[in-house]
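Overview (structure and organization)
Listed below, chain by chain, are the residues.
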Amino acid sequence: MIYKTRYSMISKLPDVKTTIFTVMGKLAKEYDAINLSQGFPDFDSDPKLIDLVTKAMKNGYNQYAPMQGIMELREAIANKFDVLYNVKYNPETEITITAGATQAIFTIISTFIHQDDEVIIFKPAYDCYEPAIELNKGKSILIQLEAPNYSVDWNMVKQLINSKTKMIIINTPHNPSGSVWSQQDMIQLEALVKDTNSIILSDEVYEHIIFDKEPHQSVCLFPYLKERSFVVASFGKTFHTTGWKMGYCAAPSKLMHEFRKVHQFNVFCANHPMQIAFAEYLKNPNNYLNINSLYLEKRNFLLNLIKDSRFKFIPSRGTYFQLLNYSAITNESDIKFAQRMVKDYRLAAIPISVFNSNQIDNNMLRFCFAKKKETLERAAEILCEI
Ligand code: PMP
Ligand code: GLN
């Protein structure tokens, strides 16, 4: 007997397709290509960290953690804010451990966005912001930044802020462009939101991957921003453990109180043994202070190898992504060229148009350089051959 479905289904996300990371990753596997598409390291995390997780599991930390996260880890994070930025967050009321930055972002948006609230987003933007806004019936207000520098026109931002602007999402160092906001950018933002009701969601997952001696401009450094902001961070990005999906967010207690109301029904709590391990691992600041130099060396290694190729670039200023412009090679769309590169050359990257407003195509591909030297060498050989 054949059963017919009796329900009609109206998608809550009618325009959302499978993400580009899944699409390119699958294609890379199919063609056995070098995969510089999705952002993850191909080298191991620190064995000390793995040992700490193993020890925590053996010591019986295998049941639920407290909803907010274990206190030792929240204290270690509060201490990190103090060491790095000389700012205070109360670990009791202002820091929550999350299942990666993605869950923090989704929960922040779900907590604060009501129907028709406006959320300003700078494009190209990481892909998880807009679907979360749409699910909560908010309205994404997109500001397209211009290639190749992706700097912000603050006059345009000023024109778009109004009484419906509930949230502004910022991301520095920036995925996918590798651009970095200056102190001046943050001062401009601060001046614009000072007398408004807007909350800032500051995606700082690449805070420890910033080059050329530029200081990271965290929102927490600017008092009028700090009082209305969530700082979002990812242990996956910082400690080469993207598969563990661990992160956290920090915000003033009034905002965090509301966040936790949703968080407790979203995941309730994050992975317990990994929290025990990170609490211990964060005690040594060298474990996060040396990450910049690791990635700076990788960026320079790759760029030096491809300096005579037909790809044009401005060196990435932060994140572990490098944009390459291929307009001297072909006038194919970035999606077509990215697909052909996998099939014909066995090298996978991410086309940038998918992150832009109206899929603007500037002939740019994003390459992840969080890879071993051998992988970067093999990729560079191909890039020089194309
Ligand atoms: N924001 C940005 C800008 C990212 O690149 C990523 C990918 N790591 C995330 C958020 C999500 O981080 P997580 O893997 O910790 O969920
Ligand atoms: N953050 C990763 C990137 O930008 C992707 C993570 C994912 O696949 N959602 O490549």
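Fair warning: this is a prediction, and the values are worked out from it, not measured in the lab.

1. Some details on the nonpolar core
Counting residues in hydrophobic clusters, the biggest one holds 126 residues, and the most contacted among them are Phe81, Phe122 and Phe230. When near neighbours in sequence (up to four residues on either side) are disregarded, phenylalanine 122 contacts Ile143, Leu145, Val152, Val157, Ile168, Ile169, Ile170 and Trp181.

2. Things to note about the pattern of salt bridges
When their charged atoms lie close together, side chains carrying opposite charge are able to pair. Summed over all chains, the structure comprises eleven salt bridges. Aspartate 117 serves as the salt-bridge partner of lysine 166, at 3.1 Å between the closest nitrogen and oxygen. On the criterion of sequence distance, the pair formed by lysine 166 in strand β5 (residues 165–171) and aspartate 117 in the loop between α4 (100–112) and β3 (118–123) is long-range, its members being 49 residues apart. Judged by relative accessible area, which is 23%, lysine 166 ranks as partly exposed. Between arginine 299 and aspartate 212 there is a salt bridge, and its shortest N-O distance comes to 3.1 Å. One end of the pair, arginine 299, is in helix α13 (residues 291–305); the other, aspartate 212, is in the loop between β6 (199–203) and α8 (223–226), with 87 residues separating them in the sequence.

3. A word on the site of ligand 1
In the neighbourhood of ligand 1, 13 residues make up the surrounding shell, with Thr102, Asp203, Tyr206, Lys237 and Lys245 lying closest. Residue aspartate 203 places a side-chain N or O atom 2.6 Å away from a nitrogen atom belonging to ligand 1. Note that an oxygen atom of ligand 1 is positioned 2.6 Å from one of the side-chain N or O atoms of tyrosine 206. The protein chains hide 95% of the 390 Å² of surface that ligand 1 would expose on its own. Looking at which element gives the most residues to the shell around ligand 1, the answer is α4, with four residues. Residue composition of the shell around ligand 1, by class: five nonpolar, five polar and three charged.

4. Quick word on the environment of leucine 365
Residue position: leucine 365 is located in strand β12 (residues 364–368). Those residues in contact with leucine 365, other than ones at most four positions away along the chain, are Gln322, Leu323, Leu324, Tyr326, Asp334, Phe337, Ala338, Met341, Ala349, Ile350, Pro351 and Ile352.

5. A look at unusual backbone geometry
Cis peptide bonds are those with omega within 30 degrees of zero, and the linkage from alanine 147 to proline 148 qualifies with 5 degrees. Assignment of secondary structure puts proline 148 in the loop between β4 (139–144) and α6 (154–160). A cis amide bond links asparagine 175 with the next residue in sequence, proline 176, at an omega value of 15 degrees. With respect to the helices and strands, the residue proline 176 is situated in the loop between β5 and α7 (183–193). A positive phi angle, near 55 degrees, is found at asparagine 86, a position not held by glycine.

6. Some words on the side chain of threonine 165
On the secondary structure map, threonine 165 appears in strand β5. For threonine 165, a relative accessible area of 4% corresponds to the buried category. Of the polar contacts made by the side chain of threonine 165, one reaches the backbone nitrogen of asparagine 162; its length is 2.9 Å. When near neighbours in sequence (up to four residues on either side) are disregarded, threonine 165 contacts Glu118, Ile120, Leu160 and Ser198.

7. Things to note about the packing of aromatic side chains
What the rule picks out here adds up to 27 aromatic pairs. Between phenylalanine 122 and tryptophan 181, the aromatic rings sit 5.3 Å apart at their centres with planes inclined by 85 degrees, giving edge-to-face as the arrangement. Pair noted here: phenylalanine 122 is in strand β3 and tryptophan 181 is in the loop between β5 and α7, with a separation of 59 residues, a long-range link. For phenylalanine 122, a relative accessible area of 6% puts it in the buried group. Here tryptophan 181 falls in the buried class, since its relative accessible area comes to 6%. Measuring from centroid to centroid gives 5.9 Å for tyrosine 206 and phenylalanine 321, while their planes differ by 75 degrees, and the two rings are edge-to-face. With a gap of 115 residues between them, tyrosine 206 in the loop between β6 and α8 and phenylalanine 321 in strand β9 (residues 321–325) connect regions that are remote in the sequence. Each of the two residues, tyrosine 206 as well as phenylalanine 321, counts as buried. Taken together, the aromatic side chains of Phe81, Tyr85, Tyr89, Phe235, Phe239, Trp244, Tyr248, Phe278 and Tyr281 make up a single cluster linked through ring pairs.

8. Details of the sheet that holds β5
Strand order in the open sheet formed by seven strands is β2-β8-β7-β6-β5-β3-β4, with mixed pairing between adjacent strands. At either margin of the open sheet sits one strand with a lone partner, and together these are β2 (95–98) and β4. Averaged over all adjacent pairs, the angle separating strand axes in this sheet is 20 degrees, with direction ignored. With four bridges connecting them, β2 and strand β8 (residues 247–250) associate as antiparallel partners. Bridging from a neighbouring strand, isoleucine 95 pairs with alanine 250 of β8. Against the sheet, helix α10 (residues 253–266) makes contact with β2, β6, β7 (229–234) and β8, and its axis sits at roughly 25 degrees relative to β2, the strand it touches most.

9. Structural notes on the site of ligand 2
As a structural note, the neighbourhood of ligand 2 is formed by Phe21, Gln38, Gly39, Tyr126, Asn175, Lys237, Phe321 and Arg366. With respect to ligand 2, the side chain of tyrosine 126 contributes an N or O atom lying 3.2 Å from a nitrogen atom. A distance of 3.3 Å separates a nitrogen atom of ligand 2 from a polar side-chain atom of lysine 237. Grouping the constituent residues of the shell around ligand 2 by class yields three nonpolar, three polar and two charged.

10. Observations concerning the packing of helix α1 (residues 20–30) against helix α14 (residues 334–345)
Two elements in contact, α1 and α14, have axes separated by 9 Å at closest approach and are oriented at 20 degrees. When the interaxial angle is binned, α1 and α14 end up roughly parallel. Of the two possible hands of crossing, α1 and α14 adopt the one that is right-handed. Seen from α1, the contacting residues are Met24, Leu27 and Ala28; seen from α14, they are Ala338, Gln339, Val342 and Lys343. Its residues assigned to classes, the contact of α1 with α14 shows five nonpolar, one polar and one charged.

Scoring rules and cut-offs
- Residues numbered from 1 in each chain as written.
- Chains lettered and ligands numbered in written order.
- Predicted model: local features only at pLDDT ≥ 70, side-chain atom pairs only at ≥ 80, totals over all residues.
- Heavy atoms only, no water.
- Core = buried A, V, L, I, M, F, W, Y, C linked by side-chain atoms within 4.5 Å.
- Buried < 20%, exposed > 50% of the residue type's maximum accessible area, 1.4 Å probe, protein only.
- Contact = heavy atoms within 4.5 Å.
- Salt bridge = Lys/Arg side-chain N within 4 Å of Asp/Glu carboxyl O.
- Helix = DSSP H or I, 4+ residues; strand = E, 2+ residues; numbered from the N terminus.
- Near = heavy atom within 4 Å.
- Polar contact = N/O pair within 3.5 Å; in protein donor to acceptor, adjacent residues only side chain to side chain.
- Areas by Shrake-Rupley, 256 points an atom, 1.4 Å probe, with all protein chains shown as cover.
- Nonpolar A, V, L, I, M, F, W, Y, C, P; charged D, E, K, R; others polar.
- Phe/Tyr/Trp six-rings, centres within 6.5 Å; stacked < 30°, edge-to-face > 60°.
- Pairing = 2+ DSSP bridges.
- Axes fitted to C-alpha atoms, helices over the stretch in contact; angles between N-to-C directions.
- Parallel < 35°, antiparallel > 145°, perpendicular 65-115°, else oblique.
- Left-handed = near helix turned anticlockwise from the far one by under 90°.

In short, the description is geometric, and any link to function would need to be established separately.
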